[in-house]
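Each chain, written out:
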Amino acid sequence: MKTISPALHVIQPWGIACNLALGMCLSFSAIVCAQNSAEHEKPALLMFLESLDCGSIPPVSIPSKERCEALPDDSQRESAQAARDFCEDALNKLSGVSCRDIQEPLAVIEKLSHLQSWCLKTPGYGNLLLAYAAEGRAVDLSLVALATGENRETARFLSSVSFHDSIPFDFWVQSLASEGVNIDSAKLPPRDEPEGVRLASLFQLLWDETSLENRLHCMPRAGDDFRKCFEEFAPARIGWLALQLSIREVSLSACLAIAENTNGIPHDKQQFLSAVREHAREILEREDRLGGKMFADQVWMVWMEALEKANGN
């Protein structure tokens, strides 16, 4: 696998990136933290996300730290660093958004899907991170919202905005290429294989090659998240986090299926497992997605975590 090279050309023009990223940082800084009132935080967050919808913030490629430092021109490095500063701020702010801090979590969940769409318009290491961070926060908020409400209206809304491994294989390859990492297609399944299968193979390839370099350093640890991946170039760890996210997404789909077909999601473990097997069997048995086949006990663990967060634990 090719390492990062300073001689690589910039794939995205950086002429407007500095002022653009600065404006984006200021927009995201308007998100109020949990200690402020919900009625102040909700408009600030939605204002930023809605600015993406109306096209006022054009897409920009966000490089890794190594890629940024390798740029030969000072102005290019400054612009790239401004984009990185925005991405770091965005990752930090997204990690602090919870259902308890905002009055309309379902509106935020919907807008987070638009943030992910914005990220996917231009390949880049930071774009990949931020897209997964938006997806992960939306899935977590969805699970907590369902654990809090458990009604069919909520379930239908969440079904309409669920993500389901929505970051394409080709976007991964393009983002890695922007960092000087070229993937040998001969080592991966052909294009007619399901997208999830190809992604799983790509992640395994990244993991195998990274492990050969430094097995202890690359091992995922408790608490690893996308902010840690942003501090260093670690695509293998992003793949591991994407796999964990896929498990939560499938669990959300299974819980939504229960909510749509029953009067409420059971809190008793045995009743929950029976409900999952009755109403979500087809969801769990799919093998063509990133996480492959799942079991009812895995869904139960994800649901218990959502209930704990909903109860403020």
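Rules used in this analysis
Residues numbered from 1 in each chain as written. Predicted model: local features only at pLDDT ≥ 70, side-chain atom pairs only at ≥ 80, totals over all residues. Heavy atoms only, no water. Helix = DSSP H or I, 4+ residues; strand = E, 2+ residues; numbered from the N terminus. Buried < 20%, exposed > 50% of the residue type's maximum accessible area, 1.4 Å probe, protein only. Contact = heavy atoms within 4.5 Å. Areas by Shrake-Rupley, 256 points an atom, 1.4 Å probe, with all protein chains shown as cover. Expected span 1.5 Å × (residues − 1). Axes fitted to C-alpha atoms, helices over the stretch in contact; angles between N-to-C directions. Parallel < 35°, antiparallel > 145°, perpendicular 65-115°, else oblique. Left-handed = near helix turned anticlockwise from the far one by under 90°. Nonpolar A, V, L, I, M, F, W, Y, C, P; charged D, E, K, R; others polar.

Novice: Please provide a residue-by-residue account of the overall build of the protein, values included.
Specialist: Across its full length, the protein holds 14 helices and zero strands. Secondary structure elements in the protein, listed N-terminal to C-terminal, are α-α-α-α-α-α-α-α-α-α-α-α-α-α. With 313 residues in all, the protein has 49% of them scored as buried. Contacts in the protein between residues far apart in sequence, at least 24 positions, make up 75% of those at least 6 positions apart. Total accessible area on the protein stands at roughly 14500 Å², and carbon and sulfur atoms take up 50% of it.

Novice: Tell me what's going on with helix 11 (residues 235-261), and back it up with residues and numbers.
Specialist: In this model, helix 11 (27 residues) spans 39 Å end to end at C-alpha, consistent with the 39 Å of a helix rising 1.5 Å per residue. Where burial is concerned, most of helix 11 is hidden: 20 out of the 27 residues are buried.

Novice: Lay out the packing of helix 4 (residues 74-95) against helix 6 (residues 125-149) in plain terms, naming residues and giving numbers.
Specialist: Where helix 4 contacts helix 6, the two axes come as close as 10 Å, and the packing angle between them is 15°. Classed by the angle they form, the pair helix 4 and helix 6 counts as roughly parallel. Helix-helix and strand crossings are classified by hand; for helix 4 and helix 6 the assignment is left-handed. Judged by residue contacts, Phe86, Cys87, Ala90, Leu91, Leu94 and Ser95 of helix 4 engage Gly126, Leu129, Leu130, Ala133, Ala134 and Arg137 from helix 6. Grouping the constituent residues of the contact of helix 4 with helix 6 by class yields nine nonpolar, two polar and one charged.

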